[in-house]
Amino acid sequence: MNFNETYHLHPAMRLLRKAIQQEQQAKMTVSFLFIAGGGAFGYLFFEQKNILATFGLASILFGLYLLWEVMRRPKPEDELLWKLLIKRSRKIVWVFHVNTQTVPFGLYLWEEGMMYFKLADGSETSIALPSKKLRMVSKFLNRLLPHAAFGFSYERQRQFEINPANLLRIKKGKN
């Protein structure tokens with residue numbers, strides 16, 4: 001299915017784009033925390049404990065790596081999930097979502113939603129979404145990806161582990 005302007009304007013696609021942006025911002029924040037924390041750690045322990053100073057340097061390097069990862073794909077359109085949905089949707093063979101409620105001692109605190117995209121090469125990608133919007137996004141993706149299986153089951157998981165192509169839905173009358 002070709003991606004067109006009506007799909008691009010759909011609320012589900014806008015929500016996916018916003019979720020990708022939020023994930024990028026979170027990675028950026030974490031990278032700065034690693035750089036700043038590693039710098040402080042390295043500075044404090046430079047002359048006292050070489051192993052701790054080395055840990056600080058490693059933190060800086062990890063933070064710079066994360067920053068480089070975010071900076072090389074600055075727009076949501078550059079992210080793998082977006083490219084898959086727009087240009088290579090046939091690579092997505094299975095989509096399902098998981099809604100997790102945090103309820104310690106019977107006290108409801110919050111809900112989190114994750115949407116998982118399993119790919120034809122056996123890999124996966126995922127995105128955090130508001131739990132109340134998971135169903136709407138799933139319905140939209142069901143129209144956008146008519147070839148893919150939707151919803152989790154252990155049978156689908158087993159089929160995916162054996163051969164991801166087993167999950168492709170083939171329309172009757174077409175090979």
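Below, the structure is looked at part by part. None of these values were measured; they are calculated from a predicted model.

Quick word on the pairing of strand S1 (residues 92–102)
Right, on to step 1. Bridge count for S1 against strand S2 (residues 110–119) is 10 bridges, and the pairing is antiparallel. Along S2, the bridge assignment pairs Thr 100 with Glu 112.
Right, on to step 2. Where S1 lies against strand S4 (residues 149–150), two bridges are found, and the strand directions are parallel. What sits directly across from Trp 94, in S4, is Ala 149.

Focus: the pattern of salt bridges
Right, on to step 1. Inspection of every chain in the model, using the stated rule, returns three salt bridges.
Right, on to step 2. Residue Arg 72 is joined to Glu 69 by a salt bridge in which the shortest nitrogen-to-oxygen separation is 3.5 Å. Of the two residues, Arg 72 and Glu 69 are both situated in helix H3 (residues 50–72); the distance of three residues between them amounts to about one turn of the helix.
Right, on to step 3. On the basis of relative accessible area, Arg 72 is assigned to the partly exposed category, the value being 44%.
Right, on to step 4. With its nearest N and O atoms 2.6 Å apart, the salt bridge here joins Lys 118 to Glu 124.

Observations regarding the environment of Gln 101
Right, on to step 1. Mapped onto the fold, Gln 101 is located in strand S1.
Right, on to step 2. What makes Gln 101 partly exposed here is its relative accessible area of 48%.
Right, on to step 3. Spatially, the C-alpha atoms of Gln 101 and Ser 131 are 9.2 Å apart, while their sequence positions differ by 30 residues.
Right, on to step 4. In this structure, Gln 101 is in contact with Trp 110 and Glu 111, ignoring residues within four places of it in sequence.

A few points about unusual backbone geometry
Right, on to step 1. Despite not being glycine, Phe 105 has its phi angle at roughly 55°, a positive value.
Right, on to step 2. Note that Phe 105 resides in the loop between S1 and S2.
Right, on to step 3. According to the relative accessible area criterion, Phe 105 is exposed, its value standing at 91%.

A look at a nonpolar patch on the surface
Right, on to step 1. On the surface, a nonpolar cluster with roughly 480 Å² of combined accessible area is contributed by Val 30, Phe 34, Phe 62, Tyr 65 and Trp 68.
Right, on to step 2. Every element with two or more residues in the nonpolar patch is listed here: helix H2 (11–44) and H3.
Right, on to step 3. If one sorts the elements of the nonpolar patch by residue count, H3 sits on top with three residues.

Cut-offs applied
Residues numbered from 1 in each chain as written. Predicted model: local features only at pLDDT ≥ 70, side-chain atom pairs only at ≥ 80, totals over all residues. Heavy atoms only, no water. Pairing = 2+ DSSP bridges. Helix = DSSP H or I, 4+ residues; strand = E, 2+ residues; numbered from the N terminus. Salt bridge = Lys/Arg side-chain N within 4 Å of Asp/Glu carboxyl O. Buried < 20%, exposed > 50% of the residue type's maximum accessible area, 1.4 Å probe, protein only. Contact = heavy atoms within 4.5 Å. Patch = residues over 30% accessible without salt bridge, like charges linked within 9 Å, V, L, I, M, F, W, Y side chains within 5 Å. Areas by Shrake-Rupley, 256 points an atom, 1.4 Å probe, with all protein chains shown as cover.

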